[in-house]
Amino acid sequence: MAEAIGRRRASKVGVVVSDKADKTVVVRVDRIVRHKMYKRYVRKAATFMAHDENNQGKIGDTVEIVESRPLSARKRWRLRRIVKRGVGSAETTATAEAGMP
């Protein structure tokens, strides 16, 4: 049986800005580039729609996404893992409300 030679898939780390759609999160990836003429560093952002099978990603979470086959008209990324939970995530909100009298 011939082994399948898979290529290394691109991955990016960004922040979830929307989780309104079912099984989809919108991730903003920031990068810093040097301006050609002014030689200053400029922050640029791009947004990617990523597939989130278990609806784990919440707004504010730092996540890692990985390139995949086209899943819909605009989704070409999958959520690999949650790097860090955001401040406004569900767990911290629930524990804060439970502690309130």
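Here the residue index of a chain counts from 1 through its sequence in written order. A pLDDT threshold of at least 70 governs which residues receive local features in this predicted model, and a stricter bar of 80 or more applies before side-chain atom pairs are shown or counted, although totals over entire chains, interfaces and linings include all residues. The side-chain values count all of the structure's non-hydrogen atoms but skip hydrogen atoms and water molecules.

K.L.:
Teacher, can you tell me more about the sheet that holds strand S5 (residues 75–84) here?
P.N.:
Adjacent strands of a sheet form backbone hydrogen bonds with each other and so pair up, either parallel or antiparallel. Paired strands are those between which DSSP finds at least two bridges. Comment: elements are numbered from the N terminus, with helices defined as DSSP H or I runs of at least four residues and strands as E runs of at least two. Strand order in this closed barrel of five strands is S1-S2-S3-S5-S4, and the pairing throughout is mixed. The sheet shows a mean angle of 50° between the axes of neighbouring strands, taken without regard to direction. Note: strand S4 (residues 62–67) against S5, six bridges, orientation antiparallel. Considered in S5, the bridge of Glu 64 is made with Arg 81. Here the axes come from fitting lines to C-alpha atoms, over the contacting stretch only for helices, and the angles between their N-to-C directions go from 0 to 180 degrees.

K.L.:
Hey, could you run me through the side chain of Ser 68 in this one?
P.N.:
Looking at where Ser 68 falls in the secondary structure, it is placed in the loop between S4 and S5. Relative accessibility decides the category of a residue: with a 1.4 Å probe and only protein chains considered, values under 20% of the type maximum give buried, values over 50% give exposed, and everything between is partly exposed. Looking at Ser 68, the relative accessible area reads 11%, which means it is buried. The contact rule is simple, with two residues in contact once any of their heavy atoms fall within 4.5 Å. Contact partners of Ser 68, with chain neighbours within four places excluded, come to Arg 9, Arg 76, Trp 77 and Arg 78.

K.L.:
Any chance you could explain unusual backbone geometry here in plain terms?
P.N.:
Glycine aside, residues mostly have negative phi, and peptide bonds are mostly found in the trans state. Despite not being glycine, Lys 23 has its phi angle at roughly 60°, a positive value. Within the secondary structure layout, Lys 23 lies in the loop between strand S1 (11–18) and strand S2 (24–34). Its identity as a non-glycine residue notwithstanding, Asn 55 has a phi of 50°, on the positive side. Within the secondary structure, Asn 55 is located in the loop between strand S3 (41–51) and S4. On the accessibility criterion, Asn 55 (33% relative accessible area) is partly exposed.

K.L.:
Where do I start with the environment of Arg 81 in this structure?
P.N.:
Within the secondary structure, Arg 81 is located in strand S5. Residues Arg 81 and Val 13 lie 68 residues apart in sequence; the distance between their C-alpha atoms is 9.7 Å. When neighbours within four sequence positions are excluded, Arg 81 is seen to be in contact with Val 63 and Glu 64. The definition of a polar contact used here is a pair of N or O atoms within 3.5 Å, where within protein one atom must be able to donate a hydrogen and the other to accept one, and adjacent residues in sequence count solely through side-chain atom pairs. There is a polar contact of 2.7 Å between the side chain of Arg 81 and the side chain of Glu 64.

K.L.:
How do you make sense of the nonpolar core when you look at a structure like this?
P.N.:
In summary, soluble globular proteins display a tendency toward joint burial of nonpolar side chains. Membership of the largest hydrophobic core is limited to 10 residues, which are Val 16, Val 25, Val 27, Val 29, Phe 48, Ala 50, Val 63, Ile 65, Trp 77 and Leu 79. Secondary-structure elements contributing two or more residues to this core are S2, S3, S4 and S5. Residue contributions to this core peak at three residues, all from S2. Apart from residues lying up to four places away in sequence, Ala 50 is in contact with Lys 23, Thr 24, Val 25, Val 27, Ile 65, Lys 75, Trp 77, Arg 78 and Leu 79. For our purposes a nonpolar core is just a set of buried Ala, Val, Leu, Ile, Met, Phe, Trp, Tyr and Cys residues, chained together by side-chain atoms within 4.5 Å.

K.L.:
Is there a simple way to think about the pattern of salt bridges in this case?
P.N.:
Opposite charge on two side chains lets them pair, provided their charged atoms get close. A carboxyl oxygen of Asp or Glu within 4 Å of a side-chain nitrogen of Lys or Arg is what we treat as a salt bridge. According to the stated counting rule, one finds five salt bridges in the structure shown. One network of salt bridges, in which partners are shared, links Glu 64, Arg 80 and Arg 81.

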